[in-house]
Each structure stands twice: as structure tokens, then as C-alpha cells.
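Structure at a glance
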Amino acid sequence: MKEWTREERYRVLQGPEDIRDLYARIQTSAYRQRYHVQPITGLSSDPNGFALHKGTWHLCYQWCPWGAVHGLKYWYHVTSPDLIHWQNAGIGLAPDCFYDNRGTHSGSAISQDGELVFFYTGNHRDEDWTRTPYTCAAVLGEDNRPRKLEKPLFGPRDDHSEHQRDPKVVWNKEKGKYYIFIGAQTLDKRGCVLIYESEQLLSGWRFAGELKVPGYEAFGGMWECPYIVNISGRDVLIFSPQYTKLPGRGESTNHNVYLIGTMDYDTLTFTPDGPYRHLDYGFDFYAAQGAASIGDPDRAILIAWIGLPDNHYPTEEEDWEGSLSLPRELRIRDGKLVQTPLPGLEVLRDTQIAPEGKLPAVCELELTASGDGDVDFNLFTRADGTGGLRLHYDSASKRCTVDRSGMDKRFNQAVGETLDMPLDAPLKKLRVFIDRCSAEIFANDGEATFTTHVYPTEREFNYTLNGGELKIWKLKPSVTDEFIV
Ligand code: FRU
């Protein structure tokens, strides 16, 4: 693993020529994806500024151009007409002023009165590396590039730690106000959310208070990337608590969870209807954000980073890593989120191939359970059926267990290589999307999901199945990987 100095990680990009060779080199990787948004070079992490604006979907990702390392972060911008086909649009936000001298960190967007406005964290650090996070804004220009406001909207509060970031902006019609939710940490290191309010988007912001979430006063050490949305009359609070282990999640200390409940803007209290749930049961799913301004009160569209902080992935040696999940549709059913692949994603289906034990590198699989018994579905096995990403469904406990320890390329072993995806109903169906270095599994029409990176070697493109019927489609590419900086 390459050791990076701070100077190397925090180098400022002088122009496209700085990374043209790196781009050309990683294009040849066997793990470059075909229908997922991935970094043009270096590392991608959180989705940022996701919104529908004048018929175009805008999305950015946290981007460190230099390699598979968390260093100086830019926003890299991509756009789509349909959430399926994506094209590169160049740098969205660059860390080029005092307030964000060490990174334009995560945030959100809103399309309002004909403007697309981005909110992000300016990560300022002094010479001695003391951090001051600023909440900043930018407005999309005619040339499809965001223009930053000269001054931040507000700075940090000194009654909380330096961890104050990832502004999520929402409009509350009843109150006639905008609110910003900021992921934060108390001085005694508990995760929380700070709330600001204003009648205007680009000025007048004042601190409203800390969000109260009864029962969650001591739940992790920092809540990254808060996201709040109303779906069919219920409020959903999604966040990424870190610095804590949670039951059933191995040794990992980074999670992405949700609560369904009621948000009261008078008392700044989110009252959960029930316990938290994991947004996704896989190894690699974090910092999920929904698209703003979609104009549909009964669903949200969510996207996440396929990856986790503090983890390392095998493409690190090729100087790139990370990608974004497929956007997924969120609805509420029986007090739970139901997450499904986007309707219309079937346009990517190319040829259907016979289920004869071979696994294409870019494909969709649809498994229908034969009965009510156990199912064994092993992906990326060797030709003799050994090894691979092994999924076992235990009908007695209604639980899928996924084990990635059998793969040739193992990684992040310290956080655990086996995780469970519990189901409420017996397993009837799995839809699996494979794209060269990722697998996303949707169980029972969205009852639960499991997302993981996986780096198969040449001898591992096989599968075995017991207890079900399988359909396989090769998928067409839908993401152009052009060199636009
Ligand atoms: C989450 C996170 C955010 C921060 C960003 C920096 O992965 O740590 O809290 O804004 O990444 O890249």
C-alpha cells in the first residue's frame, strides 16, 4: 500500500494535464464499471448536490484526483437525463479559497425559482492543521458550472466540536422557511444534528438549535451526512453514525441507518416510530443522500457511496477506488423503507443468456426461490463451485448470510467478511446487479438490500445455485467515462 505524505494528498490540481496520464492508465483496469458513476481518476466517496433541475439530474461526488486516498476533496459533477445514463461534466466545486482551502466537503442542493443552489462544507485548516468548517453555497451558472458565493453562510459553533459538516437543505412550506441540517458532534463526542433556519436561501441564516431525537442521545460519535425527507406523509431521517459498533455489523464502526417518524419544526424534535434500521445490510454502503426537488411526495430517490471511511480496496494499487450505488427508489410499506431499482432500468438489458453456471462481468440476475426452503447462491466461484461470494438463505430464521472470505482478492478483513441480511418475509426473489467490482442485491421487491464491492479474478466468473431458478441478462454500458476536468 502506498504511503502518502500530506503534501501529496493535498496537492492542488493545476489543470487537466496533471491527471491525463493517470486517467489513461486506469481506463485499462478490469474493474472499471459500465453503468455506475465512478471517479475519473483517484478516489470518489460521498454523493453530493443530488437534485433534479430543469429536467436534468445533477449529481456530484467527493473526489480526490490523485489516487485512492482521502486528501484534498473536490466535487466532481455528472449529469443525467434519466438517472440511468450519466455523463461527466467536469469539476463542480474546487477548494480554491480561504474558507475551503483544505477541501470542498459534502453537501446538498435544491432547485428553487429557476436556480440550482448547492450547499457544501468549506473545510478550512490553519497552518497548524486546526480545522474550521464553514457552511457555504454556490449557484449553477449558464455554463453548467457552479459559482461560489464569496462569503460563507455561517461558520461553526464553538459549543460543539470541529466536526460540523454536510449541510442538507430543505424547504418547509408550512413555516415558510428553509432549514439546514448539519452533521455534528457534541463537545463530549456524541453524534448529533444542528439545525439552522432562514427565510431566504442565500442569506439570513440563524442557528435554531440541536435536533432532539429521543432515544438517540448517545448513538455513535459523529453523525455524518444527515438527510431528511417526507415520503407519503411520514418523515424519514437518514444518517451515517460513526465511531461505534452496532449489533450484527461485525467490527465496523461506520454505518448508514434510518428512522421513520415525525419531524416537529416547532420543538426541533424528530420522534421515531420505532427502532433504527440499516439502510443496506452490505459491507460497503455509506453517506446516502436523496435527490432534491423531485416533485413526488410518495417516493425518494437515494444514492450512496459504495465504500466506507477507513477502508481500503484492491484497486488502490491501480490509483483509483470507489463508486456510487445505483440510484434507488424509496417508498414506505408497513412502517419500513422499501428500496427498489429504478423503474425503467430494464432498458440496460442486452442479451439474456442461458443460466449455465457462467457469470458475465456486467449483468443483472433475477432469482426466484423454488419453494420455502433454504437457498444457496454462490457468485464468483471457481469452476468447481468453491470459493466466491457465498450467499446462504436460512428459511428457519429468514436470514441471508453473505460471506466474501472465499474470494481470491480479500480486503477489509478486519471489519469482518460475513454479514447477515435479515428478512421479514420468506425469501421469494432476489435481483442482483453486477458491474465489474460491485454487487447490489435487492431482496423480495426491495424489502432489504445488500451492497458490496467484489473484485473477481479471471478464474472466478462462475456461480452455483441450489433452491431457485435464475435469469441472467448481460447489461449495456450507460456511463460515459470521458476525460472532462
Ligand atoms: C463522509 C465524510 C463527510 C465529509 C466528507 C469528506 O464520508 O467524512 O462527513 O464531508 O466525507 O470527504
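Residue numbers here run from 1 along each chain, matching the order of that chain's written sequence. Residues qualify for local features only when their pLDDT is at least 70, as the model is predicted, and side-chain atom pairs are given and counted only at 80 or more; totals for whole chains, interfaces and linings, by contrast, use all residues. To obtain the side-chain values, all non-hydrogen atoms of the structure were included, while hydrogens and water were left out.

Describing empty space enclosed by the protein
The criterion, for reference: Cavities and pockets are found on a 1 Å grid laid over the protein atoms alone: a cavity is a set of points where a 1.4 Å probe fits but cannot escape, a pocket is an open set with protein on both sides within 12 Å along at least five of seven lines, and a lining residue has an atom within 4 Å of such a point. Grid points are joined across faces, edges and corners, and a volume is the space filled by probe spheres set on the points. Any residue that is not Ala, Val, Leu, Ile, Met, Phe, Trp, Tyr, Cys, Pro, Asp, Glu, Lys or Arg is counted as polar, Gly included; the first ten are nonpolar and the last four charged.
Throughout the structure, instances matching the rule amount to six cavities of 30 Å³ or more. Lining the largest cavity are 16 residues, and of these Arg-249, Ser-252, Gly-282, Phe-283 and Leu-308 sit closest to its centre. For the lining of the largest cavity, a count of residues per class yields five nonpolar, eight polar and three charged.

A few points about the state of the cysteines
We count it as follows: What counts as a disulfide here is a pair of cysteine sulfur atoms lying within 2.5 Å.
What the rule picks out here adds up to zero disulfides. The cysteine Cys-60 is free of any disulfide, with Cys-225 supplying the nearest cysteine sulfur at 14 Å.

Some words on the sheet that holds strand β25 (residues 375–381)
We count it as follows: Two strands make a pair as long as DSSP finds a minimum of two bridges between them. In this text, helices come from DSSP runs of H or I with a minimum length of four residues, and strands from runs of E with a minimum of two, each type numbered from the N-terminal end. Working convention: axes come from line fits to C-alpha atoms, limited for helices to the stretch in contact. Angles between N-to-C directions cover 0 to 180 degrees.
Read across the sheet, five strands follow the order β28-β27-β26-β25-β32 without closing on themselves; strand pairing throughout is antiparallel. Both outer strands of the open sheet, β28 (418–422) and β32 (462–466), are each paired with one neighbouring strand and no more. The average undirected angle you get between the axes of adjacent strands in this sheet is 15°. Inspection of the sheet shows strand β27 (residues 399–406) paired to β28 by five bridges, in the antiparallel sense. Its bridge partner lying in β28, Asp-403 is registered against Thr-418.

Observations concerning the packing of aromatic side chains
Our working rule: For Phe, Tyr and Trp, where Trp contributes only its six-membered ring, two rings pair if their centres lie within 6.5 Å, and the inter-plane angle classes them as stacked under 30 degrees, edge-to-face over 60, or tilted in between. Throughout this description, buried means an accessible area under 20% of the type-specific maximum (1.4 Å probe, protein chains only), exposed means over 50%, and partly exposed covers the range between.
Taken as a whole, this structure holds 29 aromatic pairs when the rule is applied. Between Tyr-216 and Tyr-276 the ring centres are 6.5 Å apart and the planes differ by 80°, which places this aromatic pair in the edge-to-face class. Taken together, the residues span a long stretch of sequence, with Tyr-216 in the loop between β12 (206–210) and β13 (222–231) and Tyr-276 in the loop between β16 (269–272) and β17 (277–278) at a distance of 60 residues. Among the residues examined, Tyr-216 registers a relative accessible area of 10% and is labelled buried. Ring centres of Tyr-313 and Phe-411 lie 5.7 Å apart, and the angle between their planes is 55°; this geometry places the pair in the tilted category. Of this pair, Tyr-313 sits in the loop between β19 (300–305) and β20 (320–321) while Phe-411 sits in the loop between β27 and β28; the two residues are 98 residues apart in sequence, bridging distant segments of the chain. Classification of Tyr-313 as buried rests on a relative accessible area of 4%. Given a relative accessible area of 8%, Phe-411 falls into the buried group. The structure contains a cluster of three or more aromatic residues connected by ring pairs, namely Tyr-216, Phe-219, Trp-223, Phe-239 and Tyr-276.

Looking at the sheet that holds strand β11 (residues 191–198)
Reading across from one edge, β9-β10-β11-β12 is the order of the four strands in this open sheet, with antiparallel pairing throughout. The strands lining the two open edges of the sheet, one partner per strand, are β9 (160–172) and β12. Between one strand axis and the next, the sheet turns through 25° on average, direction left out of account. In this structure, strand β10 (residues 177–186) lies alongside β11, joined through eight bridges in antiparallel fashion. Bridging across to β11, Ala-184 finds its partner in Cys-192.

What to know about the site of the ligand
Selection rule: Nearness is judged by heavy atoms alone; a residue qualifies as near a molecule or strand once a single heavy atom is within 4 Å of it. By the criterion applied in these results, polar contacts are pairs of N or O atoms within 3.5 Å in which, for protein atoms, one can donate a hydrogen and the other can accept it, and in which residues neighboring in sequence qualify only through two side-chain atoms.
Every residue lining the ligand is accounted for by Asp-46, Gln-62, Lys-73, His-105, Ser-106, Arg-165, Asp-166, Glu-224, Tyr-286 and Trp-305. For the ligand, an oxygen atom lies 2.8 Å from a polar atom in the side chain of Asp-46. At the level of secondary structure, the elements contributing two or more residues to the shell around the ligand comprise β5 (104–112) and β9. A breakdown of the residues in the shell around the ligand according to their chemical character gives two nonpolar, three polar and five charged.

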